[in-house]
2 protein chains.
Amino acid sequence: MRYVVIMAGGSGTRLWPLSRSGTPKQFLPLIPAQDARVSLLHLAVERARTVVPPERIWIVTGAAYLDMVRELAPEIPESNLLGEPVGRDSLNAAAWPAAVLAARDPDAVIAQLTADHLIQPVDSFARTLAAAFELAESGPKLVTLGVPPTRPHTGYGYIRRGAALSDTAFEVLGFTEKPPLALAQQYLASGEYWWNAGMFCWRAAAFLDLVAQLRPECAQLVLELAENPGQLADIFPRLPKISVDYAVMEPAAAQGMVCCVRLDAQWRDVGGYAALGNVLPQLGGNAASGRVVADAQGNVIINDDPDAVVAVAGVTGLVVVRTPTATLVVPADQAERVKALAEQVAVQAPGFE
Amino acid sequence: MRYVVIMAGGSGTRLWPLSRSGTPKQFLPLIPAQDARVSLLHLAVERARTVVPPERIWIVTGAAYLDMVRELAPEIPESNLLGEPVGRDSLNAAAWPAAVLAARDPDAVIAQLTADHLIQPVDSFARTLAAAFELAESGPKLVTLGVPPTRPHTGYGYIRRGAALSDTAFEVLGFTEKPPLALAQQYLASGEYWWNAGMFCWRAAAFLDLVAQLRPECAQLVLELAENPGQLADIFPRLPKISVDYAVMEPAAAQGMVCCVRLDAQWRDVGGYAALGNVLPQLGGNAASGRVVADAQGNVIINDDPDAVVAVAGVTGLVVVRTPTATLVVPADQAERVKALAEQVAVQAPGFE
């Protein structure tokens, strides 16, 4: 049977102060949709529902966020919500649900999807997922979703493609994380590389076999946890904190055990302000949201405070954000400084981080 | 007898959103003092009290601001507060109290002072005022306070000095408003020019004589008003809207009727954000006030919202202001755009101007 697991962990400090330690970005109503704004998690559940019913959608998140998930995705059964008592990175956000599902359904095939991407149109994504499921069902290999690059982005991981399996599916020869610009330009020019979308599809049993081979301590603990869910608080913290890319996908690719499917949709990481600006409405040359008055151009201006106005004149290339408890100003091309700034706020103005 | 009249009118849109239409800058607790912050009006009254008792301090302001004045300056008798029902510029803010005081005390000598300047130290200013009173009492001439320039400022008015009357007092040959840079540089190099501080000292009767000669309709109306204070709402709107510099000081100087006294104190106009930045505490290379976290330098950052933090990274030369109802971002060297921006807010986000 087919399942979708949505990874909705992460604290989202790159979008501080919109996301605060108690409210990560995937739960915030950031994304304009029709006449309201919706959360990335809401959109992720909507996408998942195009391929499986709610009973076969699982969500992995921080235990502290379970109430928010219940509220944003009331159609998902309570038993399908997995709350991590501590963050243990993406290997365990994949291995834990794989172990739980394999125990119930030996033929479980899982699409392991992210919550913090914006993917449009939804029906193209559904076709991509159908192709990924078919490929994963046809053998033991792990399937990863790839995006043909349109520019030499240095912030993404890249997939090196091998032999074609079809028009839109290929063997994977290896992965490269965030290459320097010159290398990213080579990748783009060669046509052999795709962006790694960080979304996967696999038979639960095949994935667990690889985990058992590559990270036996992890496999043992998640199988133990699947059998004894009451021991979550005891077992989970003992898991190694490691990413699924580094722990499984890279070594599995070296064994010829990974293939990829082309993601036929517009795919955007909205993890930072520059990317978020791309999805906001335009206001006189700025990407803007909320009550904003601008005599300026080329800025990302977000006002999430219903009781205030944000007024900007004579600046360009800035991110200006106002929430009820914080104002942020940072150049858009230095938006990676937001994370460190939020940490500085935690020290210098505790309670406002 | 000596009197001080403090001019505390003006709407202060250059400091929006700190000053809003209901709360001009002179009433805001902007200025760090000891362990609190005080208003410019508070400081102006403090200065006045070094030369006259509260009973001889008068305040001219907008009628709408009288309650704020009563609260900030409770020591000033109610009868000494003159509330203008409509703005009629500085000629009438001088002529009205002169007419009122001359009617009570034919020998009244008035120091006509501003509320929106920062002047330190206070005792030096008191000595300057004493010299100005003596000069005004010695004859019929109008006395203006001048500041030896330290740079070719193009935003101030200049006094052209004539013959010396003492080490610190001179005849005045004329006035120039806001000269272009090249001219301001000539003024600075010549040593013949002082900045016009916009503060004056005169015998009430001598001033009214000049007003009667130069603006007879104004003199007639303010004398009528002094006799019939109950007709304020009827008489005041009929006064011409004109500045005391243009209506009286410039033509009086041409008649040889003006002299000047050197203001022996640090004198700063804090009418805009660039100037306000000069009086705020330093925080890691920024002028900052309130709960601010900065990984940036060379900015003016003012947080007047007790329930929030303002966090800034990677920018320089900016003015960033947060109040409970607005956030402002503008380059410091374009701070003159604030006035127009506040007007844009009044149209696009009414209620937040």
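Small disclaimer: the values here were computed from a predicted structure and weren't measured.

Quick look at the overall build of chain A
- The helix and strand inventory of chain A stands at eleven helices and 20 strands.
- Over its C-alpha trace chain A gives a radius of gyration of 21 Å, about what one expects of a compact globule, namely 20 Å for 353 residues.
- When the 353 residues of chain A are sorted by exposure, 54% land in the buried category.
- In chain A, 63% of the contacts between residues at least 6 apart in sequence involve partners at least 24 apart.
- In the structure as shown, chain A presents an accessible area of about 13900 Å², 51% of it carried by carbon and sulfur atoms.
- Here chain A contributes 27 positively and 36 negatively charged side chains, and the mean placements of these two sets differ by 3 Å.

Brief notes about the interface of chain A and chain B
- At the junction of the two partners, chain A supplies 36 residues and chain B supplies 36 residues.
- In total, about 2700 Å² of surface goes out of reach between chain A and chain B, with carbon and sulfur atoms giving 61% of it.
- The largest per-residue losses of area from chain A upon contact with chain B belong to V293(A), T327(A) and V329(A), which jointly make up 19% of the total buried on that side.
- Linking chain A with chain B are four salt bridges, by the criterion used here.
- As a salt-bridge pair, D305(B) and R322(A) come within 3.8 Å of each other at their nearest N and O atoms.
- Where chain A meets chain B, there are 23 residue pairs in polar contact (both at pLDDT 80 or more).
- When residues of the side of chain A that touches chain B are traced back to their parent elements, those giving at least two are β16 (292-295), β18 (309-313), β19 (318-323), β20 (326-331) and α11 (337-348) of chain A.
- Tallying contributions element by element places β20(A) first for the side of chain A that touches chain B, with six residues.
- Among the residues making up the side of chain A that touches chain B, the classes are represented as 23 nonpolar, seven polar and six charged.
- Pairing of β20(A) with strand β18 (residues 309-313) of chain B, which is carried by four bridges, proceeds in the parallel orientation. By the bridge assignment for β18(B), T327(A) is matched with V310(B).

Side note on the domain arrangement of chain A
All names here are of chain A.
- Structurally, chain A comprises domain 1 (2-269) and domain 2 (281-348).
- Computed from C-alpha coordinates alone, the two centres of domain 1 and domain 2 are separated by 30 Å.
- Each partner contributes to the interface: domain 1 provides eight residues, whereas domain 2 provides 13 residues.
- Summing both partners gives a buried area of about 1000 Å² for domain 1 against domain 2, and 72% of it is carried by carbon and sulfur.

Focus on the sheet that holds strand β14 (residues 282-283) of chain A
- Across the sheet, seven strands lie side by side as β14(A)-β15(A)-β17(A)-β19(A)-β20(A)-β18(B)-β16(B); this open sheet has mixed pairing. Strands at the two margins of the open sheet, each flanked by one partner only, are β14 of chain A together with β16 (292-295) of chain B.
- The pairing of strand β17 (residues 300-303) of chain A with β19(A) spans four bridges and is parallel. What sits directly across from I301(A), in β19(A), is V320(A).
- Across the sheet, α11(A) touches β20 of chain A together with β16 and β18 of chain B, and the angle it forms with β16(B) is around 140°.

A few points about the packing of aromatic side chains
- Enumeration according to the criterion identifies 20 aromatic pairs over all chains in this entry.
- Seen from their ring centres, W202(A) and F207(A) are 4.0 Å apart, and the 10° between their planes marks the pair as stacked. One exposure class covers both W202(A) and F207(A), and it is buried.
- Centroid distance W195(B) to W267(B): 6.3 Å. Interplanar angle 40°. Geometry classified as tilted.

Description of helix α3 (residues 89-104) of chain B
Residue and element names in this part refer to chain B.
- Look at α3: 24 Å from first C-alpha to last across 16 residues, which is about the 22 Å you get at 1.5 Å a residue.
- Counting buried positions along α3 gives twelve out of 16 residues, so the element sits mostly inside the fold.
- Taken as a whole, α3 has its buried residues at S90, L91, N92, A93, A94, A95, W96, P97, A98, A99, V100 and L101.

Observations concerning the confidence of the model for chain A
- Scored by pLDDT, chain A has a mean of 93; 99% of the residues are at 70 or more.
- Both confidence scores are given for the complex: pTM 0.77, ipTM 0.76.

As for the state of the cysteines
- Under the definition given, this model contains zero disulfides over all chains.
- Cysteine C259(A) is unpaired, with the sulfur of C260(A) as its nearest cysteine sulfur at 7.1 Å.

Quick look at the nonpolar core
- Counting 48 residues, the largest nonpolar core has L91(B), L142(B), W202(B), F207(B) and V248(B) as its most contacted members.
- For this core, the leading source of residues is α3(B), giving nine residues.
- If we skip the residues at most four places from it in the chain, V248(B) touches L91(B), L142(B), F207(B), L210(B), V211(B) and L214(B).
- Residues F170(A), L210(A), L225(A) and I242(A) belong to the second largest nonpolar core, which totals 47 residues.

Topic: the packing of helix α6 (residues 204-214) of chain B against helix α7 (residues 216-227) of chain B
Residues and elements named next belong to chain B.
- Relative to each other, α6 and α7 sit at 130°, their axes nearing to 5 Å. Classified by the angle between their axes, α6 and α7 sit oblique to one another. Facing L208, V211, A212, Q213 and L214 of α6, the residues of α7 in contact are P216, C218, A219, V222 and L223.
- Grouping the constituent residues of the contact of α6 with α7 by class yields nine nonpolar, one polar and no charged.

Digging into the relation of the copies chain A and chain B
- When chain A is fitted onto chain B, the two copies agree to an RMSD of 0.1 Å after a turn of 179° and an axial shift of 0.1 Å. Such a turn and shift between the copies fits a two-fold axis. For chain A, the minimum C-alpha distance to the rotation axis belongs to T327(A) and amounts to 3.9 Å.
- Residue by residue, 100% of the interface of chain A is reproduced at the interface of chain B, so both copies engage with the same surface.

A look at the pairing of strand β20 (residues 326-331) of chain B
Residue and element names in this part refer to chain B.
- Across the six residues of β20, six count as buried, placing the element largely inside the fold.
- Residue alternation in β20 divides its side chains into two sets, A326, L328 and V330 and T327, V329 and P331, and both sets are buried.
- Of the strand pairs in this sheet, strand β19 (residues 318-323) and β20 are connected by six bridges, and their pairing is antiparallel. Across the sheet, the residue bridging to T323 is A326, located in β20.
- Counted between consecutive antiparallel strands, the loop separating β19 from β20 contains two residues.

Digging into the side chain of D105(A)
Residue and element names in this part refer to chain A.
- Tracing the backbone shows D105 in the loop between α3 (89-104) and β6 (109-114).
- One buried charged residue, D105, forms no salt bridge at all, with the nearest opposite charge on R56 at 7.3 Å.
- Here M1 takes part through its backbone nitrogen, which lies 3.4 Å from a polar atom of the side chain of D105.
- A distance of 2.8 Å separates the side chain of D105 from the side chain of Y3, its partner in a polar contact.
- D105 has contacts with M1 and Y3, leaving out every residue within four places of it along the chain.

Here we look at the pairing of strand β17 (residues 300-303) of chain B
Residues and elements named next belong to chain B.
- Here β17 shows no split at all, with V300 and I302 on one side and I301 and N303 on the other all buried.
- When strand β15 (residues 286-289) meets β17, the two strands line up parallel, connected through three bridges. Residue pairing across strands places A288 opposite I301, the latter belonging to β17.

Observations concerning unusual backbone geometry
- With omega at -5°, the peptide bond leading from Q120(A) into P121(A) counts as cis.
- With respect to the helices, strands and loops of the structure, P121(A) is situated in the loop between β7 (117-120) and α4 (122-137).
- Here the amide bond leading from W16(B) into P17(B) is cis, since omega sits at 5°, within 30 degrees of zero.
- By secondary structure assignment, the location of P17(B) is in the loop between β1 (2-7) and β2 (31-33).
- Phi is positive for K178(B), which is not a glycine, with a value near 30°.
- For K178(B), the position within the fold is in the loop between β10 (169-176) and α5 (181-190).

Cut-off values and rules
- In this numbering scheme, every chain counts its residues from 1 along its sequence in written order.
- Throughout, the order in which chains and ligands are written sets their labels, letters from A for the former and numbers from 1 for the latter.
- Note on the predicted model: pLDDT of at least 70 is required for a residue's local features to be given, and 80 or more for side-chain atom pairs to be given and counted; whole-chain, interface and lining totals, by contrast, use all residues.
- As a convention, hydrogens and water are excluded, and side-chain values are obtained from all of the structure's heavy atoms.
- A run of H or I in DSSP counts as a helix once it spans at least four residues, and a run of E counts as a strand once it spans at least two, with each numbered from the N terminus.
- In this treatment the radius of gyration is a C-alpha quantity, and the globule benchmark scales as 2.2 Å times the residue count to the 0.38 power.
- Think of it in three bands: with a 1.4 Å probe and only protein chains considered, a residue is buried below 20% of the maximum accessible area for its type, exposed above 50%, and partly exposed in between.
- Contacts: residue pairs with any heavy atoms within 4.5 Å of one another.
- Each accessible area value is a Shrake-Rupley result obtained with a 1.4 Å probe; residue values ignore everything except the protein chains displayed when judging cover.
- Charged residues are defined narrowly, with Lys and Arg counted positive, Asp and Glu counted negative, and His plus the chain ends left uncounted.
- Just so you know, the charge point we use is NZ for Lys, CZ for Arg, CG for Asp and CD for Glu.
- We define buried area as the total accessible area lost by two parts upon association, computed with a 1.4 Å probe and summed across both.
- Salt bridge, as applied in this entry: a Lys or Arg side-chain nitrogen positioned within 4 Å of an Asp or Glu carboxyl oxygen.
- Here a polar contact is recorded for every N or O atom pair within 3.5 Å, except that within protein the pair must consist of a potential hydrogen donor and a potential acceptor, and residues adjacent in sequence are included only if both atoms are side-chain atoms.
- Residues are sorted three ways: Asp, Glu, Lys and Arg are charged, Ala, Val, Leu, Ile, Met, Phe, Trp, Tyr, Cys and Pro are nonpolar, and all the rest, Gly among them, are polar.
- A pair of strands is considered paired only if DSSP assigns at least 2 bridges between the two.
- Start and end positions for the domains come from either an automated domain assignment or a database one.
- A fitted line through C-alpha atoms represents every axis, and for helices the fit uses only the stretch in contact; the resulting angles, taken between N-to-C directions, go from 0 to 180 degrees.
- Aromatic pairing here means that ring centres of Phe, Tyr or Trp (its six-membered ring) are within 6.5 Å. Orientation follows from the plane angle: under 30 degrees is stacked, over 60 is edge-to-face, and everything else is tilted.
- Take the number of residues in a helix, subtract one, and multiply by 1.5 Å to get its expected span.
- Per-residue confidence from the predictor is given as pLDDT, running between 0 and 100.
- To count as a disulfide, a pair of cysteine sulfur atoms needs to be within 2.5 Å.
- As used in this record, nonpolar core signifies buried Ala, Val, Leu, Ile, Met, Phe, Trp, Tyr and Cys residues forming a set joined through side-chain atoms within 4.5 Å.
- Small angles under 35 degrees read as roughly parallel and large ones over 145 as roughly antiparallel, with 65 to 115 read as roughly perpendicular and the rest as oblique.
- The atoms used to superpose the copies are C-alpha atoms, taken from residues with pLDDT of at least 70 in both, and the fit is least squares.

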